[in-house]
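Close look at the chain arrangement
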Amino acid sequence: MAVFRDRPYVQFNFLVDIGDGNTEGPAAGFQELSGIGMEVTVSEYRTGNSRENSVMKITGMNKSTDVTMKRGVIGSLNLYQWLDDIRNGNQNAFRTVKVTLQNEDHSAAVVTWKLLRARIIKSTMGPFNAKGTDVAMEEMVLAYERLEME
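Residues numbered from 1 in each chain as written. Predicted model: local features only at pLDDT ≥ 70, side-chain atom pairs only at ≥ 80, totals over all residues. Heavy atoms only, no water.

As annotated in an unreviewed UniProt entry, the chain carries the name Phage tail protein and comes from Sphingomonas agrestis.

So, in structure tokens, the structure goes:
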């Protein structure tokens, strides 16, 4: 499904499905997502009888980075209910979260990142400031086990 072109896509045309199949309405609207990625560890190894005086790089485990999601507080409890399920000990409260980048006229998906076996690990609200004009925000951090792209 990934679409290749010479110029990069703008960053603000994205949809988020937090595992409930919904990308419409304010409950699925996020202002910012950051940190989607993965890292592959490498082990260095050299045999004692190697003629070459350098190490071999051996591919090891891979790990996914945590993703931060931010949106304005809208009174929706969908993320809280998921987090509540996790904190009450449900070891199967995993979801597949999908982040889809769209083209400029929102007519086609150009890349989708699938965060497999995701769970919320942190929730932050605010800041609240009576003097300011900022929007009240909520921030969730997701941990996930595997990243796939399509």
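Side note on helix α1 (residues 78–87)
Within α1 the residues assigned to the buried category are N78, L79, W82, L83 and I86. Viewed end-on, α1 has its buried residues packed into an arc of 130°, placing them on one side of the element. Away from its buried face, by an angle of more than 90 degrees, α1 presents the exposed residues Q81 and R87. Looking at the packing, one finds that the buried side of α1 touches β5 (67–72), β6 (95–102), β7 (109–125) and β8 (137–143). Downstream of α1 by a residue or two, G89 has a phi angle that is positive, lying close to 100°. (Buried < 20%, exposed > 50% of the residue type's maximum accessible area, 1.4 Å probe, protein only. Helix = DSSP H or I, 4+ residues; strand = E, 2+ residues; numbered from the N terminus. Arc of directions from axis to C-beta. Contact = heavy atoms within 4.5 Å.)

What about the environment of V3?
Considering the arrangement of structural elements, one finds V3 in the segment before β1 (14–17). Remark: the alpha-carbon pair of V3 and G21, spanning 18 residues in sequence, is separated by 23 Å.

Quick notes on the nonpolar core
Among the nonpolar cores identified, the biggest contains 20 residues, and M69, W82, I120 and L142 are the most heavily contacted of them. Listed by contribution, the elements that provide at least two residues to this core are β5, α1, β6, β7 and β8. Element by element, the count of residues in this core is highest for α1, at four residues. Those residues in contact with M69, other than ones at most four positions away along the chain, are V16, I18, F30, E32, L33, E138, E139, M140 and L142. (Core = buried A, V, L, I, M, F, W, Y, C linked by side-chain atoms within 4.5 Å.)

A short note on the environment of E39
Following the sequence through the fold, E39 ends up in strand β3 (residues 38–45). Measuring from C-alpha to C-alpha, the distance between E39 and S76 comes to 33 Å, with 37 residues separating the pair along the chain. When sequence neighbours within four positions are dropped, the list of residues in contact with E39 reads M61, N62 and K63.

Some words on the side chain of T68
On the secondary structure map, T68 appears in strand β5. On the basis of relative accessibility, which here comes to 18%, the residue T68 falls in the buried class. Setting aside residues up to four positions removed in sequence, T68 forms contacts with E32, L33, S34, E139, M140 and V141.

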